[in-house]
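Take a look at the letters that make up each chain.
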Amino acid sequence: MPSSSLSDRGARAAATPLRIDYDAFREAEADLFHPTTNPSGKIPLNIAENRLSWPELKSRIEAIAAGEEIADWVPGYTSTRGAPAFREALASFFSQHLAGEPMDPQRFVVSAGATGVIEMTALVLAEAGDVAVIPAPCYPVYERDIANVAGMERYDLVTRSAEGGLADATDFTIPDLEAARSEIESAGKRFRMLILTTPNNPTGGILGVDQLEAVADWCVARKIHLVVNEIYGLSLIDTRHPAIASEYVEHRVFTSFAGMIADRDCDYLHLWYALSKDLGISGFRVGMAYSHNEDFLTGYANLNLTHSVSNHTQWLLSHLLADADFMTGYVSRNKDRLTEAYVFVAGALRSMGVSYVPSRGSLFAWINLSEFLEDDSEEGELALWRDLFDTTGVLLTPGVGFGHACHGLFRVVYPCVSHEALAEAMRRLAGFVRGRRAR
Ligand SMILES: Cc1ncc(COP(=O)(O)O)c(C=O)c1O
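Only a predicted model underlies this, so the values are computations on that prediction, with no experimental measurement involved. The numbering scheme is per chain: residues are counted from 1 as the chain's sequence reads. Given that the model is predicted, a residue must reach a pLDDT of at least 70 before its local features are reported, and side-chain atom pairs must reach 80 or more before they are shown or counted; all residues, however, enter totals for whole chains, interfaces and linings. Side-chain descriptors were evaluated using all non-hydrogen atoms of the structure, hydrogens and water having been removed beforehand.

(A) Just the sheet that holds strand β7 (residues 269–274), in detail. Spatially, the 7 strands line up as an open sheet ordered β2-β8-β7-β6-β5-β3-β4, and their pairing is mixed. Of all strands in the sheet, those with a lone pairing partner are β2 (108–111) and β4 (153–157), marking the two edges. For this sheet the average axis-to-axis angle between neighbouring strands, irrespective of direction, equals 25°. One ladder, built from 5 bridges, connects β7 with strand β8 (residues 287–291); its direction is antiparallel. Paired with Tyr-273 across the strands is Met-288, a residue of β8. The contact criterion used throughout is that any non-hydrogen atoms of two residues lie within 4.5 Å. Orientation is described by axes fitted as lines to C-alpha atoms, over the contacting stretch for helices, and by angles from 0 to 180 degrees between their N-to-C directions. Going along the chain from the N terminus, every DSSP run of H or I of four or more residues is numbered as a helix, and every run of E of two or more is numbered as a strand. Where helix α9 (residues 209–222) meets the sheet, its contacts fall on β5 (191–197), β6 (225–229) and β7, and the angle it forms with β5 comes to roughly 165°. Following DSSP output, two strands are said to pair if at least two bridges run between them.

(B) Fine view of the site of the ligand. One heavy atom suffices: a residue is near a molecule or strand as soon as one of its heavy atoms comes within 4 Å of it. Neighbouring residues of the ligand: 16 residues in total, closest Ala-114, Thr-115, Asn-201, Tyr-232 and Ser-276. Two N or O atoms count as a polar contact when they lie within 3.5 Å, although within protein this holds only if one can serve as hydrogen donor and the other as acceptor, and sequence-adjacent residues are included solely when both atoms are side-chain atoms. Residue Tyr-232 places a side-chain N or O atom 2.6 Å away from an oxygen atom belonging to the ligand. Note on areas: these come from Shrake-Rupley sampling with a 1.4 Å probe, and a residue is covered only by the protein chains present in the view. Isolated, the ligand exposes 390 Å² of accessible area, and the fraction of that covered by the protein chains is 93%. Looking at which element gives the most residues to the shell around the ligand, the answer is helix α5 (residues 113–125), with 4 residues.

(C) Layout of the domain arrangement of the protein. Once the domains are mapped, the protein shows domain 1 (8–55 + 328–438) and domain 2 (71–323). Taken together, the contact between domain 1 and domain 2 spans 40 residues of the former and 45 residues of the latter. Once two parts are put together, the accessible area they lose, assessed with a 1.4 Å probe and summed over both, is termed the buried area. Both sides of the domain 1 and domain 2 interface together cover about 3,600 Å² of buried area, and 59% of this is carbon and sulfur. Of all residues in domain 1, Val-331, Arg-360 and Phe-402 bury the most surface against domain 2, accounting for 21% of the area lost on that side. Put simply, a salt bridge is a Lys or Arg side-chain nitrogen that is within 4 Å of an Asp or Glu carboxyl oxygen. The tally of links between domain 1 and domain 2 comes to 1 salt bridge. Taking the shortest distance from any N to any O, the salt bridge between Arg-350 and Glu-247 comes out at 2.6 Å. Taken together, domain 1 and domain 2 are joined by 19 residue pairs in polar contact (both at pLDDT 80 or more). When residues in the side of domain 1 that touches domain 2 are grouped by element, the largest group, 11 residues, is from helix α13 (residues 324–352). Each residue is assigned to one class: nonpolar for Ala, Val, Leu, Ile, Met, Phe, Trp, Tyr, Cys and Pro, charged for Asp, Glu, Lys and Arg, and polar for all the others, Gly among them. Looking at side-chain class alone, the side of domain 1 that touches domain 2 contains 22 nonpolar, 13 polar and 5 charged residues. What fixes the domain bounds is an automatic or database domain assignment.

(D) A look at the pattern of salt bridges. For the structure shown, the criterion picks out 26 salt bridges. In this structure, Arg-386 and Glu-27 form a salt bridge, with 3.0 Å as the shortest nitrogen-oxygen distance. Taken together, the residues Arg-386 in helix α14 (residues 378–392) and Glu-27 in helix α2 (residues 22–29) connect sequence positions 359 residues apart. Throughout this description, buried means an accessible area under 20% of the type-specific maximum (1.4 Å probe, protein chains only), exposed means over 50%, and partly exposed covers the range between. Owing to a relative accessible area of 28%, Arg-386 belongs among the partly exposed residues under this scheme.

See below:
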């Protein structure tokens, strides 16, 4: 522990990096690839950001900031549920683009990014020591977000196919949930929350409607909170694109959980969303929870001041979201850009002979490089990850921490760089793969 001047909690935090790939990311940022000025520079493909649509969004945001008079509610305190004007705009945006049915602005609470929302939700719904079950592989930072303040524990639901290799984290069944429940209860703990992410980070899998319905009913009957994270809900791939259509065994359309929450109108079903990914504005720090549980919303709001979003940001974004014509065009163009980038990466991976999970959404390709592991272990995976970065300058996210059972799987974030950088990264990855296979 670094310093006795801190609490035990503070000392643990000081000794634990935010994420395993952060130092390497800083290294990459200091020597970034540029096609003409730094062609041998590094290409970080590890941070979940979408930069493809920023130029378009930037112009719109600049126009709002320059053209609109700042509302008089902006400099003062506002509702800790989120500014009413923002929740109105958010509810109609969410209704139109995700839910397909009216959403009540009073049932939204707004916090600083999905991270703030996850932390707050765990705090309000769970006791310390309660367990959150999450199908694997999953977003690794859930672990911290539910533990830091609320003291919840993470349980990785590893499904049968995930034990064997690539899986999209959607193939879990009710018997899998039952088995997890018995195991957790046998250990004297409480299965308090099930967290589902659709589209999934890192696999891009989306949950089928029948499956979601069945899982919701199972959770409600057992008084287990089900939270569905739709942070990638508009970051969808056109799986009917001719270059990739044959990869999907079954056609699946993303369906928001919002309608199922409305149909059941009960205290145990909730939804998370954020503007970080679908709008590519993670730095604006805007996330939200939606629920029909009034006590949850009230308790959340009473604790939410530490996680509030700046009124100026809420004001700016309420103008953006309320511009229905612009947002409709944006959502569709963003999907086209994402699909184009994904099709490119999928084609490159296929020609390298590297297997991956066919993605239906999110910002990722989840790929299998396990054939290159010198040691089939966590250390072996990290050694391969570092070796790939050192030899090619391409930085991926290692699979460590995603909670699945095998080694050698990596996450590629493809919309976070220009097409030129992505093409160069794929060229270098192909060289690495060829070189390793020739050894
Ligand atoms: C599934 C998931 N949830 C939450 C977050 C955190 O989002 P935010 O930046 O809005 O806190 C991420 C970021 O990558 C994510 O992938």
